[in-house]
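# Chains, contacts and geometry: an overview
Chain by chain, the residues:
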Amino acid sequence: MTYFLQQLLNAMQLGSIYALIALGYTMVYGILTMINFAHGDLFMVGAFLCFIAATFLKLPFVPTLLLSMAGVALLGVAIERVAYKPLRQAPRVSAVITALGVGLFLENFTLVFSPYPQHVPALIANRTWTIGGVSISSLQIIIILLSIALMIILDLVVRRTMVGMAMRAISWDKSIVPLMGVPLDLIISITFAIGTSLGAAAGTMYSLAFPVIDPYMGILVGWKAFISAVVGGIGNIRGAMIGGFILGGVEIMVAAFMPSTYRDFVAFGLLLILLIFRPYGILGKPRPQKV
Amino acid sequence: MKKGMLLFTLMILVSIAASACGGGASDTIKVGVVAELTGDIPAVGASCKNAAEMSVQEVNDAGGLDVGGKKYKIELFIEDNAGKADQSASAAQKLITQQNVVAIIGPNASRYAIPASEIAESSKVVLISPWSTNPKTTLDAKTNAPKKYVFRACFIDPFQGRVVAKFALDNLKTTKAAVLYDVASDYNKGIAEFFKKTFEENGGTVVAFETYTTGDKDFSAQLTKIKDAQPEVIFLPNYYSEVPLQIQQAHRLGIETPFLGSDSWGSAELIQLCGADCEGYYFSTHYAPDAATPQATKFIEAYKAKYGQTPDDVAALTYDAFGLFYQAIQSAGKVDRQAVRDALAVIPKYEGVTGNLQFQEGSGDPIKSAVILQIKDGKFVWFANANP
């Protein structure tokens, strides 16, 4: 039982990081019906900003987190303006390929500074408590609680504010809503800023939990978060959160109760089966194709 | 138009003729290096490049290498494989066909050395990997016979796995071990299996044999499983960029057993990334900078003076790989790919920085000894020797 609880805690930690990144994918998809494949690399940039803030500026945890989120939000908005906006009327494939290109650019841009893996200093004093055989670290608690708090705030913003209402309206129809006086570009920029800053928050927490970072760290995690978003129903914010925790849980539990070599094979097999029965994801709804 | 075609054909013919010569016409010997300059283990590539440049500079400063009564300068071509298996193969191909090198040194990690070695073997060009310890590097994938053109400057994993397993049993007096390794990497997988085999043959039990894939950062599921199996020692035959994460996460889960590693730990980066978490643990490797022979001391001093750091095992082995090449080409007496290969295979004894070596009959694997180092006060300290 303690073994299961310990693994459940591991799953919560991994799942909350996947969920935070998945939110970025799902928000951009919801508003632009475009998959921002550079998002995993923005997550990496978030981790590197955290490293810079913690190592060179010697900032404590909260300012580091805010700096990383703000920096990546600016970068996300800039990328949208420079790379995606000119392609808004182009076929979706062009935008997706551009996103892949932006991702490669970010990886190799970081690579120019240093190809070496970097060590992120511990910003949070690491304490481990053992309760009934289950080890809980201060870092795990902070990651899980902070992720959940960020997700609740996001959910409130999207459901209860004017900006959130505008976002939902634009994701419903991009051509009519601007005619009603909703500033399309501004709302899209805000969406990018929020989505990418959540990715940066995930990057910061990830680099504290796993303090060796490198320019390629965003690829694998980005893919997994994207899969989480699809499983939850891409475009649906609550779905992305659920999807992140499901993927984290399945990955950890497969490794926990089966030979760990089978982990990815079984985990993604299960997710494929899920998609057979719910092709639009858990909370996704089929979108009618406009002809 | 016709003239243009003729000129074009002529140019192609000339370039084919030039490439067929194998670079023997000029007064330079062209040597290629394929190293991991970027990718997941850049410290390995950097050490390899440093040692290669230093070795070549030493020879050129001394006026060149005397081959068959004529002085040759060494010309070095360094290619990055970006930590990718396919780029490793294409870098080797480029060095062979475009730069016309006589021999290739590198790649270092087995997962890159194996694909590059296939290219070298089929092009009949000598390739010496300084640091690749997986047996497959020098073995033909189909026939399992030794490759003719592929050599290495280091010992191989069955030996290393045996050394670490014996160390865990005899020196640490442990009988229950756990292993966590990267199943997607040739080196890690090979050595983990050899460790398990020797450990179990000698009375120990491997209570957990867990895997992950390259790029993973979260090992909590596997480590929780390992903790549950209650081992007395944990073996991590993984690269220096991953080991710190594994040990830190293990400590966070409350695992307090000693950890053991293999030669992939031996980069100064390990200590920088791991900090106090790695203190007191052991790993097997190729040489100990603090217990060096006079020859090694000379190399270590020169390297320190040039780069301001103690050379790690990759640097020392790269230096030895170049030394092997020089000795082979000198005893061959001519700058010719085939002659170098034939001379290298029968080198009677080479006294290198990492000890004496000699190739086994009909194989590119040398007979060499290993050392066990301990991490003490943030330094690698000699602990024990292990002979073949």
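Residues numbered from 1 in each chain as written. Chains lettered and ligands numbered in written order. Predicted model: local features only at pLDDT ≥ 70, side-chain atom pairs only at ≥ 80, totals over all residues.

## Focus: the overall build of chain A
Inclusion rule: Numbering of helices and strands starts at the N terminus; helices are DSSP runs of H or I of at least 4 residues and strands are runs of E of at least 2. Computation of the radius of gyration draws on C-alpha atoms, with the globule rule given as 2.2 Å multiplied by the number of residues to the power 0.38. To assign burial, the other C-beta atoms lying within 10 Å of each residue's own C-beta are counted, with C-beta atoms placed from the backbone; 20 or more indicates buried, 12 or fewer indicates exposed, and intermediate counts indicate partly exposed. Placing C-beta atoms from the backbone, we regard two residues as in contact once those atoms come within 7 Å.
Each helix and strand counted, chain A has ten helices and four strands in total. The C-alpha atoms of chain A give 19 Å as radius of gyration, which agrees with the globular expectation for 291 residues (19 Å, within 12%). Each principal axis of the C-alpha distribution contributes one length, and for chain A these read about 60 × 50 × 35 Å. In chain A, buried positions account for 50% of the 291 residues. If you take every contact in chain A between residues at least 6 apart in sequence, the share linking residues at least 24 apart comes to 76%.

## What about the interface of chain B and chain A?
Counted only if it meets this: Note that Gly is not counted as nonpolar here; it falls among the polar residues with everything else outside the nonpolar set of Ala, Val, Leu, Ile, Met, Phe, Trp, Tyr, Cys and Pro and the charged set of Asp, Glu, Lys and Arg.
The partner chain A presents 28 residues to the 29 residues of chain B that form the contact. Among the elements of the structure, helix H2 (42-61), strand E8 (205-212), helix H7 (220-229), helix H8 (243-252) and helix H9 (268-274) of chain B are those that each provide at least two residues to the side of chain B that touches chain A. Class assignment of the residues belonging to the side of chain B that touches chain A gives a composition of ten nonpolar, eleven polar and eight charged.

## Section: the sheet that holds strand E14 (residues 370-376) of chain B
Residue and element names in this part refer to chain B. Basically, it comes down to this: Paired strands, as defined in this entry, are two strands with at least two bridges between them according to DSSP. Orientation is described by axes fitted as lines to C-alpha atoms, over the contacting stretch for helices, and by angles from 0 to 180 degrees between their N-to-C directions.
The mixed open sheet is built from seven strands, whose spatial order is E8-E7-E9-E10-E11-E14-E15. In this open sheet, the two edge strands, each paired with only one partner strand, are E8 and strand E15 (379-386). In this sheet, neighbouring strand axes are inclined to one another by 25° on average, regardless of whether the strands run parallel or antiparallel. Relative to strand E9 (residues 233-236), strand E7 (residues 176-182) runs parallel, the two being bridged by three bridges.

## Quick notes on the packing of helix H5 (residues 138-160) of chain A against helix H9 (residues 237-257) of chain A
Residue and element names in this part refer to chain A. Here is the rule: Should an angle lie under 35 degrees it is considered roughly parallel, over 145 roughly antiparallel, and from 65 to 115 roughly perpendicular; all remaining angles are considered oblique. Two helices crossing with the near one rotated counterclockwise from the far one by less than a right angle form a left-handed crossing, whereas a clockwise rotation gives a right-handed crossing.
Where H5 meets H9, the axes come as close as 10 Å, and the angle between the chain directions of the two elements is 165°. Comparing the axis directions of H5 and H9 gives the class roughly antiparallel. Where H5 crosses over H9, the two elements pack in a sense that is left-handed. For the pair H5 and H9, contact is made by Met 151, Leu 154, Asp 155 and Val 158 and by Ile 237, Arg 238 and Met 241, respectively. Of the residues that constitute the contact of H5 with H9, the class distribution is five nonpolar, no polar and two charged.

## Side note on the nonpolar core
Note the threshold: We call a set of buried Ala, Val, Leu, Ile, Met, Phe, Trp, Tyr and Cys residues a nonpolar core when their C-beta atoms link them within 7 Å. What marks off one domain from the next here is an automatic or database domain assignment.
Membership of the largest hydrophobic core comes to 212 residues, with the highest contact counts inside it found for Ala92(B), Ala103(B), Ile104(B), Ile105(B), Ile128(B) and Phe325(B). Ranked by the residues each element gives to this core, the list is headed by helix H1 (residues 2-32) of chain A, at 15 residues. Among the domains, domain 1 (28-155 + 292-368) and domain 2 (157-285) of chain B are the pair contributing at least three residues each to this core.

## Focus: the sheet that holds strand E3 (residues 70-80) of chain B
Residues and elements named next belong to chain B. An order of E2-E3-E1-E4-E5-E6 is seen for the six strands of this open sheet, with the pairing classed as mixed. At either end of the open sheet lies a strand with only one pairing partner, and these are strand E2 (65-67) and strand E6 (150-152). Direction aside, neighbouring strands of the sheet carry axes that sit 30° apart on average. Across the face of the sheet, H2 comes into contact with strand E1 (28-35), E2, E3 and strand E4 (103-105) while running at roughly 165° to E3. Contacts between helix H12 (residues 337-345) and the sheet are confined to E4, strand E5 (126-129) and E6, with E5 contributing the most and set at about 45° to the helix.

## Section: the pairing of strand E3 (residues 134-137) of chain A
Two faces belong to every sheet, and in a regular strand the side chains alternate between them. Residues and elements named next belong to chain A. As paired elements, strand E2 (residues 128-131) and E3 share four bridges and run antiparallel to each other. Residue pairing in the sheet places Trp 129 in a bridge with Ile 136 of E3. As consecutive antiparallel partners, E2 and E3 are separated by two residues, and within that stretch Gly 132 has a phi angle of approximately 55°, a positive value.

## Structural notes on the environment of Ala99(A)
All names here are of chain A. Take Ala 99: it is sitting in helix H4 (residues 92-113). Spatially, the C-alpha atom of Ala 99 lies 31 Å from that of Leu 57, the residues being 42 residues apart in sequence. If near-sequence neighbours (up to four positions away) are discounted, Ala 99 is found in contact with Ile 35, Asn 36, Phe 37 and Ala 38.

## Re unusual backbone geometry
Note: most peptide bonds trans; most residues except glycine with negative phi. All names here are of chain B. A cis amide bond links Gly 106 with the next residue in sequence, Pro 107, at an omega value of -10°. Residues other than glycine seldom take positive phi values, yet Asn 100 does so here, at roughly 60°. With respect to the helices and strands, the residue Asn 100 is situated in the loop between helix H3 (85-97) and E4.

## What to know about H5(A)
Working note: α-helix, 3.6 residues per turn, so residues spaced by three or four point in the same direction. Residues and elements named next belong to chain A. Spelled out, the test is: The span one expects for a helix is its residue count, reduced by one, times 1.5 Å.
In a regular helix each residue adds 1.5 Å, so 23 residues correspond to 33 Å; H5 covers 32 Å between its end C-alpha atoms and thus fits that length. Listing the buried residues of H5 in full gives Leu 139, Ile 143, Ser 147, Leu 150, Met 151 and Leu 154. Considering only its buried residues, H5 is in contact with H1, E3, helix H7 (184-209) and H9.

## Section: the domain arrangement of chain B
All names here are of chain B. Taken as a whole, chain B is organised into domain 1 (28-155 + 292-368) and domain 2 (157-285). In this structure, domain 1 and domain 2 have C-alpha centres spaced 29 Å apart. Opposite the 16 residues of domain 1 that make contact, domain 2 presents 17 residues. Looking at the side of domain 1 that touches domain 2, the elements with two or more residues in it are H2 and helix H4 (110-123). Residue composition of the side of domain 1 that touches domain 2, grouped by class: seven nonpolar, four polar and five charged.

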